[in-house]
Structure formats: structure tokens, C-alpha cells
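Understanding the architecture of this molecule
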Amino acid sequence: MPRNPRNQMYPANEDLPAAGRSGLIVRLWRIRTELLLVAGLALFAVTLLGATLEGRWLPFILLSSAISAPAATRTGRNWVMAHVWCVISRHRLQRVCLETTMHTRAGRIPLVLWITPTRTGEKALILTRAGISAEEFDAYSEEIAAACWARNSLVFRHHRRANLVIVEIVRRDEVAGAVSPGLDRLYGRRAWVALRSDLEEPPDLRGTLVLSRLG
């Protein structure tokens with residue numbers, strides 16, 4: 001049977017296995033951004049309270065400036081919103097895996113190892129589980145785009161390690177001259193293979209682009 005997002009990978013007389021309870025480390029890894037944010041806010045509150053009780057206002061001024069400066073500039077606001085979308089997309093990717101067949105019979109879903117903003121949206125590095133491949137993500141590309149409230153989603157597989165997958169979430173057109181706000185350049189392109197034959201693989205961002213001379 002050809003791979004199709006509407007075809008179940010399990011027999012027709014078998015219910016889709018429910019998502020199992022992951023280990024503590026995996027659950028903490030999934031909410032790592034929220035935990036770091038809570039820890040940062042708690043540290044800020046403790047520092048501010050201690051400085052106020054001791055009558056020292058310099059730490060208060062420095063901390064307030066460090067927090068308000070990003071909100072006062074367009075670049076800072078764009079940086080914050082880009083990373084907020086990364087957190088949203090990570091949770092939506094996990095939800096897609098839970099609601100489709102992209103989880104094992106034991107209910108374990110792939111791990112989103114890293115997600116970073118790009119010029120057109122977000123890019124997630126995913127470690128698949130046994131029984132799940134990059135082709136499965138490509139088959140559900142429309143579901144991924146819809147779940148992430150995006151325009152489109154592209155899937156790339158590692159050239160040598162088939163268990164590593166990149167899901168690129170496309171939200172907008174690429175602005176000429178725009179600089180990637182995240183760690184997009186660390187991924188490179190030479191090691192990744194596009195799953196769709198109609199897609200041209202982007203150039204290696206870490207290498208030198210050589211243009212052939214016509215005529």
C-alpha cells in the first residue's frame with residue numbers, strides 16, 4: 001500500500017494506540033522553555049525583593065532595563081515573537097504526532113530536539129522513534145501545516161542518519177536581505193535530502209554559493 005496520510009499504518013480492526021506516559025526526563029524536555037522562563041521570573045522576583053528590602057535600587061534599574069529594552073524596540077519585539085512561535089510550533093508538532101499515526105504502538109512520539117526561527121517561519125530538528133520515518137512526516141505535511149497555523153511545511157531527511165528529520169514550517173515569504181533570527185545556519189543543507197521531488201533543495205548556508213557563467 002503506498003504511503004498516504006489518510007491510510008492507517010495499523011490494521012483496520014485495531015484501534016489507534018493511545019499515547020503512553022513518557023518518562024520524567026522526556027516530559028521535562030518537552031516543557032524546557034516554560035521551565036526556564038519560570039525559573040528566570042522567579043530569580044528576577046527574588047533579586048528584586050532582596051534589593052528593595054536592602055534599599056538598593058541599582059539592581060532594580062538594571063533588571064528593569066534589561067527586560068524593557070527588547071519590548072521598546074522593533075527588533076526586540078520581533079525576536080520575542082519569533083521564539084514564542086517556536087514554543088507554539090513545538091507543542092503543535094507534538095499534538096499532531098499524538099492525533100495521527102506518528103507514534104509507536106506504545107504511544108511514544110518523536111522528540112523535538114531543537115526548534116529555531118527562520119526567515120520564513122520555524123525549523124524543527126526531530127528524532128524519530130522506531131517504526132516512524134521521515135516519509136511519515138512528509139505524508140502528514142498538510143496536517144502539520146494546519147496544526148501550526150502555517151502556510152506550508154517541508155520535510156528533509158538526514159543523508160546518513162534516517163532517524164533525524166527536519167520539519168520546516170513556512171509562515172510567510174522570505175524577505176530579501178533578511179537575516180535569520182535563530183540558529184538556522186547551524187543546520188546547513190549538504191546533509192539533508194528533500195522528501196518531495198518537486199522541491200529544489202536550498203543551498204548550503206555554511207558554504208560558498210558558486211554561480212555558473214552563461215554564454
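Further up the page is the structure itself.
Numbering of residues begins from 1 in every chain and follows the order in which that chain's sequence is written. A pLDDT threshold of at least 70 governs which residues receive local features in this predicted model, and a stricter bar of 80 or more applies before side-chain atom pairs are shown or counted, although totals over entire chains, interfaces and linings include all residues. The basis for every side-chain value is the complete set of non-hydrogen atoms in the structure, without hydrogens or water.

Summary of the burial criterion: residues with accessible area below 20% of their type's maximum are buried, those above 50% are exposed, and those between are partly exposed, where the area comes from a 1.4 Å probe applied to protein chains only. Each helix corresponds to a stretch of at least 4 residues labelled H or I by DSSP, and each strand to a stretch of at least 2 residues labelled E; elements are numbered beginning at the N terminus. With five of seven residues buried, strand S3 (residues 152-158) is to be regarded as a mostly interior element. Between S3 and strand S4 (residues 164-170), which pair antiparallel and follow one another directly, the connecting turn spans five residues. Two strands qualify as a pair provided DSSP detects at least 2 bridges between them. Pairing of S3 with strand S5 (residues 192-194) involves three bridges; the strand directions are antiparallel. From the neighbouring strand, His158 faces S5, where its bridge partner is Trp192.

Quick look at the sheet that holds S4 now. The sheet built from five strands is open, its strands ordered S1-S2-S4-S3-S5 with antiparallel pairing. Two strands bound the open sheet, and with one partner strand each, they are strand S1 (111-117) and S5. Going across the sheet, the axis of each strand differs from the next one's by a mean of 25 degrees, ignoring polarity. Working convention: axes come from line fits to C-alpha atoms, limited for helices to the stretch in contact. Angles between N-to-C directions cover 0 to 180 degrees.

Attention now moves to the pairing of strand S2 (residues 121-127). A regular strand places its side chains so that they alternate between the two faces of the sheet. Burial analysis of S2 places six of its seven residues in the buried class, which makes it a mostly covered element. The pairing of S1 with S2 spans six bridges and is antiparallel. From the neighbouring strand, Leu111 faces S2, where its bridge partner is Leu127. Between S1 and S2, which pair antiparallel in sequence order, lie three residues. Bridge analysis of S2 against S4 gives seven bridges, and the strand direction is antiparallel. Its bridge partner being in S4, Ile126 is matched across the sheet by Val165.

Attention now moves to unusual backbone geometry. Even without being a glycine, Trp149 presents a positive backbone phi close to 55 degrees. Positionally, Trp149 belongs in the loop between helix H6 (141-147) and S3.

On to the pattern of salt bridges. In the sections that follow, a salt bridge refers to a side-chain nitrogen of Lys or Arg positioned within 4 Å of a carboxyl oxygen of Asp or Glu. This structure, assessed with the given rule, holds four salt bridges. For Glu174, the salt bridge is made with Arg119, and the minimal N-O distance between the two is 2.8 Å. In this pair, Glu174 sits in the loop between S4 and S5 while Arg119 sits in the loop between S1 and S2, placing the two residues 55 residues apart along the sequence. Put simply, Arg151 and Asp173 hold a salt bridge, and the shortest N to O gap is 2.5 Å. Here Arg151, found in the loop between H6 and S3, pairs with Asp173, found in the loop between S4 and S5; they are 22 residues apart in sequence, far enough to count as distant. According to the relative accessible area criterion, Asp173 is exposed, its value standing at 54%.

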